[in-house]
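Notes for the structure review
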Amino acid sequence: MKRRRTALLLAVSSLLSVSPVSAQSLLPSDWQLSPTLSANYDWLRVDEDSRPLPDKTDFRRARLGLTLRGGERWQVRAEHDVENRTAPELSLQVFLQNGRSLRFGQFKHPFLLDDVINERQTPLMEQSLATAYAISRRIGADFGQVGADYSFNVSVFGKRLDGLLEGVGLATRYSRVAKRWDEGLLHLGGSLALDNPRNDSARFSTRPEAGIATRSLVDTGVFVDVDQNLRVAAEALVLHGPWSLQAEHVVGRSSREILPDFNSDASYVLASWSPSGHARSYKNGVVGAPKAGENERPWELFVRYSRIDLDDGPVLGGQQRDWALGATWYVHPNVRLMANHINVRSTRRGISDDPSLFQFRIQLSY
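These notes cover the structure that comes with them. (Residues numbered from 1 in each chain as written. Predicted model: local features only at pLDDT ≥ 70, side-chain atom pairs only at ≥ 80, totals over all residues. Heavy atoms only, no water.)

**Looking at the pairing of strand β18 (residues 286-290)**
The test is simple: Relative accessibility decides the category of a residue: with a 1.4 Å probe and only protein chains considered, values under 20% of the type maximum give buried, values over 50% give exposed, and everything between is partly exposed. Secondary structure elements follow DSSP: runs of H or I of four or more residues count as helices, runs of E of two or more count as strands, with numbering from the N terminus. DSSP calls a pair of strands paired once it identifies at least 2 bridges connecting them.
Burial analysis of β18 places four of its five residues in the buried class, which makes it a mostly covered element. As paired strands, strand β17 (residues 280-283) and β18 are joined by four bridges and run antiparallel to one another. The partner of Ser281 across the bridge, within β18, is Gly288. In this structure, the hairpin formed by β17 and β18 is closed by a connection of two residues, where Asn284 is found at a positive phi of approximately 55°.

**Brief notes about the packing of aromatic side chains**
Here is the rule we go by: Pairing of aromatic rings covers Phe, Tyr and the six-membered ring of Trp, with a centre-to-centre limit of 6.5 Å; geometry is then stacked below 30 degrees between planes, edge-to-face above 60, and tilted otherwise.
A full pass over the atoms with the stated rule returns 11 aromatic pairs. Considering the side-chain rings of Tyr133 and Phe204, the 5.6 Å spacing of their centres and the 40° angle between planes classify their relative orientation as tilted. Here Tyr133, found in the loop between α3 (113-116) and β6 (137-146), pairs with Phe204, found in the loop between β10 (201-202) and β11 (205-206); they are 71 residues apart in sequence, far enough to count as distant. A residue is classified by how much of its surface remains accessible, and Phe204, at 6% relative accessible area, is buried. Ring centres of Trp243 and Trp273 lie 5.6 Å apart, and the angle between their planes is 25°; this geometry places the pair in the stacked category. Residue Trp243 is found in strand β15 (residues 243-256), and its partner Trp273 is found in strand β16 (residues 262-273); the two are separated by 30 residues along the sequence.

**Thoughts on the pattern of salt bridges**
Opposite charge on two side chains permits them to pair, given that their charged atoms come into close proximity. To keep it simple, the criterion reads: Note on definitions: salt bridges are taken to be side-chain nitrogens of Lys or Arg within 4 Å of carboxyl oxygens of Asp or Glu.
This structure, assessed with the given rule, holds 22 salt bridges. Between Arg69 and Glu72 there is a salt bridge, and its shortest N-O distance comes to 3.4 Å. Note on Arg69: relative accessible area 24%, which makes it partly exposed. The class of Glu72 is exposed, set by a relative accessible area of 63%. With a shortest N-O distance of 3.0 Å, Arg361 and Glu126 are connected by a salt bridge. Residue Arg361 is found in strand β23 (residues 356-365), and its partner Glu126 is found in the loop between α3 and β6; the two are separated by 235 residues along the sequence. Judged by its relative accessible area of 0%, Arg361 falls in the buried class. Each member of the salt-bridge network shares a partner with another, and the members are Arg63, Arg77, Glu79, Asp81, Glu89, Lys108, Glu119, Arg120 and Arg137.

See below:
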């Protein structure tokens with residue numbers, strides 16, 4: 001732990017000591033080089049129930065990176081996570097005409113609104129239980145198109161940069177602004193993903209909305225005879241001034257050749273309000289953090305109900321229901337403080353486990 005903290009501090013110092021002006025002088029005039037940083041330090045305290053779930057204090061993520069942009073033509077992004085010793089992103093994006101783009105490398109693939117929201121702008125500290133179905137970051141290729149009121153992406157994916165191969169597949173997401181008004185909008189969308197898993201096996205699990213928690217409460221374990229995994233999701237978002245309402249429902253089917261198919265589902269509903277009167281941002285079909293003016297320090301309050309059902313036939317992954325309350329304070333354009341409380345109700349293989357979690361985060365982004 002001390003070595004990782006020291007490495008992060010040294011890396012941050014090195015990053016901040018680099019002069020963008022001196023580096024920029026070596027590049028063509030229309031190129032732009034920008035260092036990036038995303039560091040989350042979390043405190044987790046747990047009121048345990050039937051099984052141990054210990055308190056923990058650690059970095060949730062500590063990512064250093066660079067973005068090199070060649071005018072309006074292309075962009076290269078590279079990130080390294082000092083905490084997890086992985087490269088979550090290494091991609092080249094080429095911007096075409098009329099809002100079209102191509103992307104190659106390792107990046108986050110288009111499935112679920114909750115998953116495509118930038119980690120620096122998530123409403124609560126962790127995503128909902130529904131992201132047990134997320135494709136997340138894989139090596140692949142993506143085609144995207146955005147317009148004034150819609151966004152569309154389709155991608156193919158395979159293994160990860162760390163060499164892990166869970167399968168190859170396709171993911172796509174489409175969203176549209178169905179209606180706009182003076183203070184807000186109505187957004188509707190959907191996602192679909194197909195993959196053929198390696199070794200004809202699959203597994204679905206999720207932690208209790210606490211990224212540094214040491215275990216999952218629901219977990220199918222590895223089940224076999226899987227020919228294909230299908231995921232389908234529907235999403236809706238309403239923004240109205242300082243208020244927002246966001247919801248998704250996802251169903252999964254693992255088709256099996258001999259054994260019965262495995263069917264599961266998850267969903268969440270999230271509501272937010274900003275006491276400081278700030279509205280959540282919205283761009284290209286993705287919602288984000290509020291935009292603050294000079295010397296403004298926005299507040300946001302959140303409540304979310306999240307559920308997942310991983311029980312079907314002989315596969316007993318469990319069921320979980322979470323109520324989460326959260327508060328976020330943007331004390332600086334590069335710093336936000338977050339506090340979450342999660343009340344959990346879970347059952348797996350006939351055993352109930354209902355812990356209560358409190359967590360706090362200091363997030364630094366640059």
